[in-house]
Amino acid sequence: VVDVVLASSAFDVVVSFSTLSAGMRLALPVALAALGAVVSERAGVLNLGLEGLMLSGALGGYVVADVTGSPWIGLACGLAVGGACGALLALFVVTLRANQIVTGLAFTLLAASATSYVYQKAYAIGSIPPRIERISMTPLVIITLGVLVVVLVTLRSTLAGLVISAVGETPVAADALGFRVERTRFLATIAGSALAGLGGAVLVCGPLGLFIQNVTAGRGWVALALVVFARWRPLPCVAGALLFGVCDAAQLRLQGTSTGVPYEVFLAAPYVVTLAAMVLRARDNRTPAALGVPYDRSTA
Amino acid sequence: MTVGVREAPAPPAPDAVAARWLRADRGRSIIVGVGVPVAAVVAALLLGAVLIAVEGENPVAVYVEVLRGVVVAHDGPRNTMIAATPLALMGIGLGVAYRARVFTIGAEGQYLIGAVAAVAVVTAGGLRDLPGIVLVPLGLVVAAVAGALWSAVSSFLNARFGTSIVISSLLLTYVASAFVQWAIRVGIKEPGAFIPQSRLVEHAELPEVPVLRTHLGFVLAVAVVPLVWVLLARTRAGFRIDVMGNNGSALDANEAPAARITLLVLVLAGALAGLAGFVQVAGVTGRINGEFSSGYGFTAIIVALLGRLHPLGVLVAALALSALTIGFDVAERAYDLPSALVGVLQALIVMFVVAGDALASRRTAT
């Protein structure tokens, strides 16, 4: 039969230029969200609301870009919506010391329904939602690289970065030195959430130019997995996002063809690779020691 | 330790998350245990009333219609029980795991794997013509075993490599989802179908229960409640689960390896999630297609928490959330309301419970 080609042609699809560029397009929102997660997790706050934050940022970015006609204002709004939701999350997990897993899951559920609700209110069902003006790839790549550099430099060579890491490793010591644990975590959660919101806005204001319900389709969860894969370091996060993007692009392209390799292999690949990375590097554990543990001075 | 079992590495941080939260759970009075969820439901309904008023509808009339849809309408109680079945089954299993402070969030993956494995067996050539009395138990067993094995992977990785269960169970869910897509496109595809879907389960369809008019799965979920209750309250394993949840080092002193209890609770949670998967195929959808993955596995986490990790509480919570879904389904037809409203209400309930618990434990802690 003619339409059954060998696995080698599947390989060709994966390394072709168009797949790589599509991969980069798919990688940018995930990379931004993962960088956001690195910031808050290094401070000890496990943010399982990432998916919800991306979705909120995406809707905020889309509505504002649609109203103002400028996708750039949309991007800024995505950042702001992410930060505002981050403040709500921080109120729960830092100030109230609520369970971080539960709060994050609950927030993601809330964001999924609330964005659908707002979207259904704003755009009548059945009508075609307006396309917004799109931002081309180059500025988005520059923005992502800019964020990468800022996060990298901040975490590695500024006092703020050191305090963030200290608060995530041994909050007791940081507290004893006079750094304010709760304030640091609060701000880190807001900053990380803002980046996740920006990631969502990049998704809709970028090449897509459209919001649909659940537009993020699990990318926030991917970003969370990437942080583990990257062992809480910014640069491998972005590299991992690129790997994920290429896999995603490859499975999208392979769906239309019938090759020796099922496209589902590429769907599963990023998660299997992350699992493998966790297993292979089990001995060299870099998980922030206080990740997910609320800080309570009276019991510390 | 005299036993030749490799000692599990210290549990990684994300799994230690709820230490405080669960410890607070123990000393909590029944007032907080039941009062907070009830207050959260009331608060969410009040906020919902505001949203309905903003829509230009009368909140009281809408809520009456919701209630009518659940209680009075012909299929209301039946639909509620059917919708609650997978949530209750998965939530009960998750509740047991969370009691031991084992934080799996992979029920969705185990649900999918259980469903696919069971459908593959009951629709296999040579088996699919057997009578239902053989196929239904076969499907249930296969689904439970497959779900349990899938869940056990997290336990193995945790015991052998110290991998976080939160993260590995989540990653495995995505692998399961990719596998299901392959299965319905290639592996167990219905021959000649134009879209990816499995065969119908036909003879393996769950029988209807006479008076309730639900499928057998609901009875199964109700039957699981006392079984798990007894397991937790009256057996050595149940005691160890609670010890592990409260003070892991006490287990070591008891020479009961934590790894074995982790395996036990994950296998139980996986088996129940797998069962839920088959119950949903054989009781509701009839086959697996592209829309089968519904996020029930994630909603079940919420149900487990609302039910206070107690099997009976979980069943009540599953029925309550499902009643809202079914009731609003009816009310949306009568009034002009966005379909996303009920999701907002349910998520608000959870957020209020989280906030209420945090506030309650702050007050008791100081």
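Within any chain, residue numbers begin from 1 and follow the written order of that chain's sequence. Lettering for chains starts from A, numbering for ligands starts from 1, and both go in the order in which the items are written. In keeping with the predicted nature of the model, local features appear solely for residues at pLDDT of at least 70, side-chain atom pairs appear and are counted solely at 80 or more, and the whole-chain, interface and lining totals rest on all residues. Derived side-chain values reflect all non-hydrogen atoms in the structure, with water molecules and hydrogen atoms excluded from consideration.

(A) Geometry of the overall build of chain A. Secondary structure elements follow DSSP: runs of H or I of four or more residues count as helices, runs of E of two or more count as strands, with numbering from the N terminus. From N to C terminus, chain A includes 12 helices and 0 strands. Ordering the α and β elements of chain A from the N terminus gives α-α-α-α-α-α-α-α-α-α-α-α. Here the C-alpha radius of gyration of chain A, 20 Å, is about what a compact globule of 300 residues would show, namely 19 Å. Expressed along its principal axes, the backbone C-alpha trace of chain A runs to roughly 70 × 50 × 30 Å. Our radius of gyration looks at C-alpha atoms and nothing else; its globule reference is 2.2 Å times the residue count to the power 0.38.

(B) Inspection of the interface of chain A and chain B at higher detail. In what follows, a contact means two residues having at least one pair of non-hydrogen atoms within 4.5 Å. On the side of chain B, 44 residues touch chain A, which itself brings 45 residues to the contact. Summed over both partners, buried area is the accessible surface (1.4 Å probe) that two parts give up on being assembled. Summing both partners gives a buried area of about 4,300 Å² for chain A against chain B, and 76% of it is carried by carbon and sulfur. Each salt bridge in this description consists of a side-chain nitrogen of Lys or Arg and a carboxyl oxygen of Asp or Glu lying within 4 Å of one another. Our count for the chain A to chain B interface comes out at 2 salt bridges. A:K121 serves as the salt-bridge partner of B:E55, at 3.2 Å between the closest nitrogen and oxygen. Polar contact is the term for a pair of N or O atoms within 3.5 Å; when the atoms are in protein, one must be able to donate a hydrogen and the other to accept it, and sequence-neighboring residues count only if both atoms are side-chain atoms. For the pair chain A and chain B, the interface holds 7 residue pairs in polar contact (both at pLDDT 80 or more).

(C) Expanded view of the confidence of the model for chain B. Scored from 0 to 100, pLDDT records how confident the predictor is in each individual residue. Here chain B averages 85 in pLDDT, and 90% of its residues register 70 or above. Ignoring residues within four places in sequence, the model shows residues 1–26 of chain B, a span with pLDDT below 50, making 61 contacts including any to other chains.

(D) Structural view of helix α12 (residues 296–306) of chain B. All names here are of chain B. Three exposure classes are used, based on accessible area relative to the maximum for each residue type with a 1.4 Å probe and protein chains only: buried under 20%, partly exposed in between, and exposed over 50%. Buried residues dominate α12, accounting for 9 of its 11 residues. Here α12 has its buried residues at G297, F298, A300, I301, I302, V303, A304, L305 and L306. One or two residues past the end of α12 sits R308, with phi positive at roughly 60°.

(E) Seen up close, helix α10 (residues 219–229) of chain A. Residues and elements named next belong to chain A. Of all the 11 residues making up α10, 11 are buried; the element is thus mostly covered by neighbouring parts of the structure. Of the positions making up α10, those classed as buried are R219, G220, W221, V222, A223, L224, A225, L226, V227, V228 and F229. One or two positions beyond α10, positive phi appears at R231, with a value near 50°.

(F) Inspection of the side chain of A:S116 at higher detail. Assignment of secondary structure puts A:S116 in helix α5 (residues 100–122). The class of A:S116 is buried, set by a relative accessible area of 11%. A polar atom in the side chain of A:S116 sits 3.1 Å from the backbone oxygen of A:A112. For A:S116, the contacting residues outside a window of four places in its chain are A:Q213 and B:A340.

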